[in-house]
Amino acid sequence: MTPSPTKAFGARLHAAIEDRGPFCVGVDPHAALLQEWGLDDDVAGLERFALTTVEAVAPYVSVIKPQSAFYERFGSRGIAVLERVIAESRAAGALVLLDVKRGDIGSTSQAYADAYLDPTSPLASDAITVSPFLGFGSLDPIIDTAHRHGGGVFVLALTSNKEGPEVQHASVDEGTVAGRMLDHLRRLNADAEPLGSFGAVVGATIGSTDEDLAFNGPVLAPGFGAQGGTIDDVRRLFGSAAAVLPSSSREVLRLGPDRQAMADFVRRTNEELRA
């Protein structure tokens, strides 16, 4: 049995950012990227792609973010590759944020928590992404499990997809649904030092926001790099945030299978973000 971490995710993330920088790399094996690498769109190609990427970048970034769907599409053998991605990323010193965007109620929510945050699970990760739009209270089993095992949770708040504002910008009381989600995170992180373990997903390409991102927790900022988000966007949008993880996948992955090119890129990006 693997013991639970002695430190909360927020403390471990804070230390990792101090040590390695804030850049987060998504390991997302799109069929088109496998083809660019000259690989077949099968389990063997998936394994070669994912593990080569981990070997190249996991020693140099604070966070690796595999998108579960790209492994699930291959069934049980794809999940077996995801287990190796998680294990080998952590062995290289990176924290693993598993991008699953789960959200359900009651025992189902608890089962997701057990699958991804219980250290006895083969899919155990340092943190996961979740959807709060069944109501933030539906996440209680996941939040409680994260507390128990020192895990982290990143809640969708202000995503950059064009459909997002239909829900996230909707009015509730004196503010918006997104603002309400951030208020819940502010409550969860209130007494945490040096950083809370409960974060928000806020797209690096949303343009602007009037929401208060000072909730003492980390912001995951997808859309950095190839999708258009820049370092200037990160500084402008997230200046009030306690910590921000600019996240990119394609911009890094398209440099493969050249391990050195990928490693050099993530080291250079971390230096630029720290500056």
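Everything below is about the structure printed above this text.
Before going into details, it helps to say that this report is about the structure given with it.

So, how was this worked out
Residues numbered from 1 in each chain as written. Predicted model: local features only at pLDDT ≥ 70, side-chain atom pairs only at ≥ 80, totals over all residues. Heavy atoms only, no water. Pairing = 2+ DSSP bridges. Helix = DSSP H or I, 4+ residues; strand = E, 2+ residues; numbered from the N terminus. Axes fitted to C-alpha atoms, helices over the stretch in contact; angles between N-to-C directions. Contact = heavy atoms within 4.5 Å. 1 Å grid on protein atoms, 1.4 Å probe; cavity = no way out; pocket = protein on both sides within 12 Å on 5 of 7 lines; lining within 4 Å. Points joined across faces, edges and corners; volume = space filled by probe spheres on them. Nonpolar A, V, L, I, M, F, W, Y, C, P; charged D, E, K, R; others polar. Parallel < 35°, antiparallel > 145°, perpendicular 65-115°, else oblique. Left-handed = near helix turned anticlockwise from the far one by under 90°. Core = buried A, V, L, I, M, F, W, Y, C linked by side-chain atoms within 4.5 Å. Buried < 20%, exposed > 50% of the residue type's maximum accessible area, 1.4 Å probe, protein only. Phe/Tyr/Trp six-rings, centres within 6.5 Å; stacked < 30°, edge-to-face > 60°. Lys NZ or Arg CZ within 6 Å of the ring centre and 35° of its normal. Expected span 1.5 Å × (residues − 1).

1. Here's the deal with the sheet that holds strand β10 (residues 243–248)
Now for step 1: In space, the 8 strands of this closed barrel follow the order β1-β2-β3-β4-β5-β8-β9-β10, with parallel pairing throughout. Strand-to-strand twist of the sheet, defined as the mean angle between neighbouring strand axes without regard to direction, takes the value 30°.
Now for step 2: Where strand β4 (residues 127–130) meets strand β5 (residues 152–158), 4 bridges bridge the pair, whose relative direction is parallel. Following the sheet pairing, Ile-128 is matched in β5 by Val-153.
Now for step 3: Running over the sheet, helix α6 (residues 106–117) touches β3 (95–102), β4 and β5 and is turned about 160° from β3.

2. Let's talk about the layout of surface pockets
Now for step 1: For the second largest pocket, the calculated volume is near 310 Å³.
Now for step 2: Considering the residues around the second largest pocket, the lining is formed by 17 residues, among which Ile-17, Pro-22, Ala-242, Ala-243 and Val-244 are closest to the centre.
Now for step 3: Of all the elements in the fold, those that place two or more residues in the lining of the second largest pocket are α1 (9–20), α10 (231–237), β10 and α12 (259–274).
Now for step 4: Of the residues contributing to the lining of the second largest pocket, the split by class is 12 nonpolar, 2 polar and 3 charged.

3. Examining unusual backbone geometry
Now for step 1: Along the chain, Glu-193 connects to Pro-194 via a cis peptide bond; the corresponding omega equals 0°.
Now for step 2: Within the element layout of this structure, Pro-194 appears in the loop between α9 (177–188) and β8 (198–202).
Now for step 3: The peptide bond linking Gly-256 to Pro-257 adopts the cis configuration, its omega dihedral lying at 5°.
Now for step 4: Checked against the element boundaries, Pro-257 lands in the loop between α11 (250–253) and α12.
Now for step 5: You will see that Asp-173, though not glycine, has its phi angle at about 55°, which is positive.
Now for step 6: Structurally, Asp-173 can be placed in the loop between β6 (171–172) and β7 (175–176).

4. Details of the packing of helix α3 (residues 43–57) against α12
Now for step 1: Packing of α3 against α12 leaves a shortest axis separation of 8 Å and a crossing angle of 50°. Comparing the axis directions of α3 and α12 gives the class oblique. The hand of the α3/α12 crossing is right-handed. Counting all contacts with α3, which are made through Thr-52, Thr-53, Glu-55, Ala-56 and Val-57, the residues of α12 involved are Arg-259, Met-262, Ala-263 and Val-266.
Now for step 2: When the residues that make up the contact of α3 with α12 are grouped by side-chain class, the tally is 5 nonpolar, 2 polar and 2 charged.

5. Looking at the nonpolar core
Now for step 1: Core analysis: the biggest nonpolar cluster contains 71 residues, and Phe-23, Tyr-71, Val-153 and Phe-238 have the highest contact counts within it.
Now for step 2: By residue number, the principal contributor to this core is α3, which donates 8 residues.
Now for step 3: In contact with Tyr-71, other than residues within four places in its own chain, are Val-27, Pro-29, Leu-46, Ala-50, Pro-66, Gly-78, Ile-79, Val-81, Leu-82 and Val-85.
Now for step 4: Residues Val-63, Leu-97, Leu-195 and Val-201 belong to the second largest nonpolar core, which totals 16 residues.

6. Points about the packing of aromatic side chains
Now for step 1: Inspection of every chain in the model, using the stated rule, returns 5 aromatic pairs.
Now for step 2: Ring centres of Trp-37 and Phe-49 lie 4.3 Å apart, and the angle between their planes is 40°; this geometry places the pair in the tilted category. Pair noted here: Trp-37 is in the loop between α2 (31–36) and α3 and Phe-49 is in helix α3, with a separation of 12 residues, a long-range link.
Now for step 3: Put simply, the rings of Phe-23, Phe-224 and Phe-265 touch in pairs and so form one group of aromatic residues.
Now for step 4: One cation-aromatic arrangement involves Arg-267 over Tyr-60; the distance from NZ or CZ to the ring centre is 4.5 Å.

7. Let's talk about α1
Now for step 1: In this model α1 runs 16 Å from its N-terminal to its C-terminal C-alpha over 12 residues, within 8% of the 16 Å that 1.5 Å per residue would give.
Now for step 2: Positive phi shows up at Gly-21, right after α1, with a value of about 105°.

8. Comments concerning the side chain of Ser-138
Now for step 1: Along the polypeptide, Ser-138 turns up in the loop between β4 and α7 (140–149).
Now for step 2: The contacts of Ser-138, once residues within four sequence positions are left out, are Asp-104, Ile-105 and Ser-109.

9. Some thoughts on the environment of Ala-31
Now for step 1: Position of Ala-31 among the secondary structure elements: in helix α2.
Now for step 2: Each C-alpha atom, one on Ala-31 and one on Leu-46, is 8.9 Å from the other, the two residues being 15 residues apart in sequence.

10. Examining the environment of Arg-250
Now for step 1: Topologically, Arg-250 is positioned in helix α11.
Now for step 2: Along the backbone, Arg-250 and Val-27 are 223 residues apart, and their C-alpha atoms lie at a distance of 8.7 Å.

11. Side note on α9
Now for step 1: With 12 residues, α9 should reach 16 Å at 1.5 Å per residue; the first-to-last C-alpha distance of 17 Å fits that figure.
Now for step 2: Buried within α9 we find Val-177, Ala-178, Gly-179, Met-181, Leu-182, Leu-185 and Leu-188.
Now for step 3: As for α9, its buried residues are in contact with α7, β5, α8 (165–168), β6, β7 and β8.

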